[in-house]
Amino acid sequence: MRIVFLGPPGSGKGTQAKLVSQRLSVPAVSTGDMLRIAVRTATPLGMKARAVMAQGELVPDDLMFGLIRERLTQADAGAGAGAGASKGFVLDGYPRTIPQAESFEKLLAEDGAVLDAVVNFDVPDPVLVERLSGRADVERRADDRPETVRERLRVYHEKTEPLVNYYRGKGLLVSVDAVGGIDEVAQRIERGLAARARQGAA
Ligand code: AMP
């Protein structure tokens, strides 16, 4: 299964991506986590991404493309240029713009692969603001400051939300009400993916 998780910051994508990854035995790939590691270890990518992330803006598309191509050609995912048999993935945080979605589609196509589903996490803005500003100290991040949270939401609506219609048009969208407990939302995702798989098979 090749699945993309789409949703605003604070919608629980990361938590749910890990659960689905365990259930389906495919890697959960979080571009946010990969970037945070790059920043911490001060790689060339990390040096470029650092300020952008701290301001709640998006890392440029070409840098993201390089990162995702490298990650998905690793053996556990096996999707992308010349990577042979695809094992699948749950992508958390990529693509985040229409151009990213377009170049990602081409990358998969080089390997004869397509996405199976795009899960959209539906959460109203006020709930997101409350969740992000209420993150426990241990998990709070530099980009959880109130000004940055507002900016991340603005950027989400401007750049990422158009992907909802983009993927709906491709018949890939599974929209999930993501307000609720972790188990409750996990069940909705499981049901949504199962329904989508039945449609795909029909
Ligand atoms: P996340 O943990 O997914 O919310 O990502 C944290 C930050 O990393 C975002 O606010 C962006 O600055 C950056 N980032 C993660 N994924 C992407 C992407 N696909 N495109 C651009 N920037 C990204």
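Residues numbered from 1 in each chain as written. Predicted model: local features only at pLDDT ≥ 70, side-chain atom pairs only at ≥ 80, totals over all residues. Heavy atoms only, no water.

Draft legend 1. Layout of the overall build of the protein chain. Along the backbone of the protein chain there are 9 helices and 5 strands. Expected size for 202 residues packed as a compact globule is a radius of gyration near 17 Å; at 16 Å, the protein chain falls within 12% of this value. Seen along its three principal axes, the alpha-carbon backbone of the protein chain occupies a region of about 45 × 40 × 30 Å. Of the contacts made within the protein chain by residues no fewer than 6 positions apart, 71% connect residues no fewer than 24 positions apart. (Helix = DSSP H or I, 4+ residues; strand = E, 2+ residues; numbered from the N terminus. Rg over C-alpha atoms; globule rule 2.2 N^0.38 Å. Contact = heavy atoms within 4.5 Å.)

Draft legend 2. The arrangement of the site of the ligand in detail. Around the ligand, 15 residues are found, and the nearest of them are Thr31, Glu57, Gly93, Arg96 and Gln100. Contact distances for the ligand include 3.0 Å between an oxygen atom and a side-chain N or O atom of Arg36. Between the ligand and the protein, one listed contact pairs an oxygen atom with a backbone N or O atom of Glu57 at 2.6 Å. Here the ligand, which alone exposes 480 Å², has 96% of that area covered by the protein. The element that contributes the greatest number of residues to the shell around the ligand is helix H2 (residues 31-40), accounting for 4 residues. Looking at the shell around the ligand residue by residue, the class counts come to 6 nonpolar, 4 polar and 5 charged. (Near = heavy atom within 4 Å. Polar contact = N/O pair within 3.5 Å; in protein donor to acceptor, adjacent residues only side chain to side chain. Areas by Shrake-Rupley, 256 points an atom, 1.4 Å probe, with all protein chains shown as cover. Nonpolar A, V, L, I, M, F, W, Y, C, P; charged D, E, K, R; others polar.)

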